[in-house]
2 protein chains.
Amino acid sequence: MAFSPLVDELVESLRCLPGVGQKTAQRMAFHLLEKGRTGGHRLAESLQSAMAGVRRCERCQNFSDTPVCGICENPKRGNGTICVVESPSDLLAIEQAGDYQGGYFVLMGHLSPIDGIGPADIGIECLMQRINDEDISELILATNPTVEGEATAHYIADRLDGRDVLITRLAHGIPVGGELGYVDGFTLTHAFRGRKPLSD
Amino acid sequence: MAFSPLVDELVESLRCLPGVGQKTAQRMAFHLLEKGRTGGHRLAESLQSAMAGVRRCERCQNFSDTPVCGICENPKRGNGTICVVESPSDLLAIEQAGDYQGGYFVLMGHLSPIDGIGPADIGIECLMQRINDEDISELILATNPTVEGEATAHYIADRLDGRDVLITRLAHGIPVGGELGYVDGFTLTHAFRGRKPLSD
């Protein structure tokens, strides 16, 4: 290699970022060295503190600096509803929509027997425990509409069979602002089956 | 924001990387927190040492851990030829081709009066000093074939007018393995003008 060991090591370690290959890592390293040393120092520090300080919330499994995260600690968010999502970014999308006011449970994955991921790995027992302990009236299964996401939702629903908890799934349909001509057949079928009287 | 201050700060500081916006930074932060803590620690450390330790080589301006870089210190690379490139990644591309055995001079940019970048900012005086001090027989101007790159090459050539240094520019032509039908007109014109007898 033509470069110094420090630059080589920087390029190599940048490749741990998702979607970053050799060329992109090189471009990032050169950019930081040429024009972004302040940003580089800041990134180093925030990486260090985040890697050391961020843990899982004891109640919802989301990332948190404290044993219990801000949403779980907020008394206004405890209205007896738990929304089950696969990942923190799903939670973030729901929070950014701004409408939902209940609590969350972040699975950090989905059931995937082929990869050896079972109920214990995504904290299903934790969730069951929470439904036992708290006065939960509704469980919204907001896992992704993929094969694994659907399987995970069905598994959770099966586990709660016979319990007095309303289990719901997010509605499928035409995205707001979407045009019918561009919507795929499955979504259209869902939208037809889920149609509502105009007065709603 | 729904997340902890540490995660927010990590997402914000990842945005200093080129081509990384809010969504990509989030994806990177979640990836590191979920699956890549070891990589994250390693990246933090290598960033810290690279930002603090990487300087410019005193002779060629390339990134280096030491006052003079490995290529400049290598006695086999001092054959009286200097190849002038715009950036370390250009140098890397030439090194990876593996054929060139002379020295380098890295401008770290190009002349661009509109951005206020003049000869002093890209170290032209350093280059002139080096041509005075060392026994340089050929200067290869390998700046990019852009308006600024060409202007930079012409400026350097003008400064050396009347001096006993052979000034060359990289050949333009059809890329090896390229098909004529896909080559643009300018490149084809260059290839025609630069044609060579078959015996060469």
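Remember, predicted model here, so these are calculated numbers, not experimental data. (Residues numbered from 1 in each chain as written. Chains lettered and ligands numbered in written order. Predicted model: local features only at pLDDT ≥ 70, side-chain atom pairs only at ≥ 80, totals over all residues. Heavy atoms only, no water.)

## Overview of the UniProt feature "zinc finger region: C4-type" (unreviewed entry) in chain A
The positions that UniProt labels "zinc finger region: C4-type" (unreviewed entry) are, in the present scheme, residues 57-72 of chain A. When the span residues 57-72 of chain A is considered, its composition is 19% helix and 12% strand, and the gap between its end C-alpha atoms is 8 Å. (UniProt positions renumbered as here; feature names shortened; annotations may be inferred. Helix = DSSP H or I, 4+ residues; strand = E, 2+ residues; numbered from the N terminus.)

## Brief notes about the pairing of strand β4 (residues 103-106) of chain A
Of the two faces of β4(A), the one carrying A:Gly103 and A:Phe105 and the one carrying A:Tyr104 and A:Val106 are both buried. The handedness of the strand β3 (residues 81-85) of chain A to β4(A) crossover, carried by helix α5 (residues 88-97) of chain A, is right-handed. (Buried < 20%, exposed > 50% of the residue type's maximum accessible area, 1.4 Å probe, protein only. Right-handed = clockwise from strand over helix to strand, strands pointing away.)

## Examining the interface of chain A and chain B
Each partner contributes residues to the interface: chain A has 53 residues there, and chain B has 53 residues. In total, about 5200 Å² of surface goes out of reach between chain A and chain B, with carbon and sulfur atoms giving 71% of it. Counting every contact that joins chain A to chain B gives 2 salt bridges. B:Glu9 is the salt-bridge partner of A:Arg42, the closest N and O atoms lying 3.0 Å from each other. (Contact = heavy atoms within 4.5 Å. Buried area = accessible area lost by both parts, 1.4 Å probe. Salt bridge = Lys/Arg side-chain N within 4 Å of Asp/Glu carboxyl O.)

## Topic: the environment of A:Arg15
All names here are of chain A. Here Arg 15 shows up in the loop between α1 (5-14) and α2 (22-35). The class for Arg 15 is partly exposed, based on a relative accessible area of 38%. Discounting residues that sit within four places of it in the chain, Arg 15 has contacts with Val 20, Gly 21, Gln 22 and Ala 25.

## Observations regarding the domain arrangement of chain A
Each domain of chain A was delimited in the assignment, giving domain 1 (5-53) and domain 2 (57-169). The gap between the C-alpha centroids of domain 1 of chain A and domain 2 of chain A is 34 Å. (Domains from an automatic or database assignment.)

## Focus on the packing of α2(A) against helix α5 (residues 88-97) of chain B
Close contact between α2(A) and α5(B) brings their axes to 10 Å; oriented N to C, the two are set at 140°. On the basis of their axis angle, the class for α2(A) and α5(B) is oblique. Contacts from A:Gln26, A:Phe30 and A:Glu34 in α2(A) reach B:Pro88, B:Ser89, B:Leu92 and B:Gln96 in α5(B). Across the contact of α2(A) with α5(B), the residue classes tally to 3 nonpolar, 3 polar and 1 charged. (Axes fitted to C-alpha atoms, helices over the stretch in contact; angles between N-to-C directions. Parallel < 35°, antiparallel > 145°, perpendicular 65-115°, else oblique. Nonpolar A, V, L, I, M, F, W, Y, C, P; charged D, E, K, R; others polar.)

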